[in-house]
Amino acid sequence: MVEWTEQERSIINGIFANLDYEDVGAKALCRCLIVYPWTQRYFGAFGNLYNAEAIKTNPNIAAHGVKILHGLDRAVKNMDNIKATYAELSVLHSEKLHVDPDNFKLLSDCLTIVIAARLGSSFTPETQAAWQKFLAVVVSALGRQYH
């Protein structure tokens, strides 16, 4: 079990309280698909992903980015039991979708970049430490079924 300080909880809740899901979700997933093009293979049913502009303007990608952030809401609301919270999603991604678990880390890195850009100087080292700890726990929980 992960131990969270009150400061870490406050930082994570603060980030989510002010998050523009439509903007941040879309930008994070787009960045992941553009920077790491091999991740596109899981989104074949999403239509045109032939270049960066097509990815950025694809409504299915934008909608899935929002869905991912709402999925992270579940972790925020269940910070003391993130592994159990993501047990079903872990099974889905490993057994049905066959997503390479390394892609969760790539997406979390892209999300961190987008969040840092939005927060600017408010994205302090302490904020980054709490944020990356949170995402590391989520990534571990999503990859749990693979072990």
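- An unreviewed UniProt entry lists the protein under the name Hemoglobin beta embryonic-2, from Acanthochromis polyacanthus.

### Here we look at the overall build of the protein
- Counting its regular elements, the protein contains eight helices and zero strands.
- Overall, the protein shows an N-to-C arrangement of helices and strands of α-α-α-α-α-α-α-α.
- Burial analysis of the protein (147 residues in total) assigns 44% to the buried set.
- Long-range pairs, those at least 24 residues apart, make up 73% of the contacts in the protein between residues at least 6 apart in sequence.
- A total of about 8,200 Å² of accessible surface is found on the protein, and carbon and sulfur atoms cover 54% of it.

### Considerations on the packing of helix H4 (residues 59–77) against helix H8 (residues 125–142)
- Close contact between H4 and H8 brings their axes to 11 Å; oriented N to C, the two are set at 105°. Taken together, the axes of H4 and H8 are roughly perpendicular relative to one another. The segment H4 lies against H8, with Leu-72, Ala-75 and Val-76 engaging Phe-134, Leu-135 and Val-138.

### As for the nonpolar core
- With 30 residues, the main nonpolar core has Phe-16, Leu-111, Trp-131 and Phe-134 as its most contacted residues.
- Contributions of two or more residues to this core are made by helix H1 (6–17), helix H2 (21–35), H4, helix H7 (102–119) and H8.
- Sorting elements by how many residues they give to this core places H8 first, with nine residues.
- The contact partners of Leu-111, leaving out residues within four places of it in the chain, are Val-24, Ala-28, Leu-69, Leu-72, Trp-131 and Leu-135.
- Core analysis: the next-biggest nonpolar cluster, separate from the first, contains 13 residues, Leu-33, Leu-106, Leu-107 and Cys-110 among them.

Rules used throughout
All residue numbers here refer to positions counted from 1 along the written sequence of the relevant chain. Two thresholds apply to this predicted model, a pLDDT of at least 70 for residue-level local features and 80 or more for giving and counting side-chain atom pairs, whereas whole-chain, interface and lining totals are computed over all residues. Side-chain numbers come from the whole structure's heavy atoms, not from hydrogens or water. Strands here mean DSSP runs of E at least two residues long; helices mean DSSP runs of H or I at least four residues long; both are numbered from the N terminus. Burial status follows relative accessibility: with a 1.4 Å probe on protein chains alone, a residue under 20% of its type maximum counts as buried, one over 50% as exposed, and anything between as partly exposed. Only heavy atoms enter the contact rule, under which two residues are in contact if any of them lie within 4.5 Å. Accessible areas in this description were obtained via Shrake-Rupley with a 1.4 Å probe; residue shielding takes into account the shown protein chains only. Fitted lines through C-alpha atoms give the axes, limited to the stretch in contact for helices. The angle between two N-to-C directions lies from 0 to 180 degrees. Roughly parallel covers angles under 35 degrees, roughly antiparallel covers those over 145, roughly perpendicular covers 65 to 115, and oblique covers all other angles. Buried residues of nine kinds, namely Ala, Val, Leu, Ile, Met, Phe, Trp, Tyr and Cys, make up a nonpolar core once their side-chain atoms join them within 4.5 Å.

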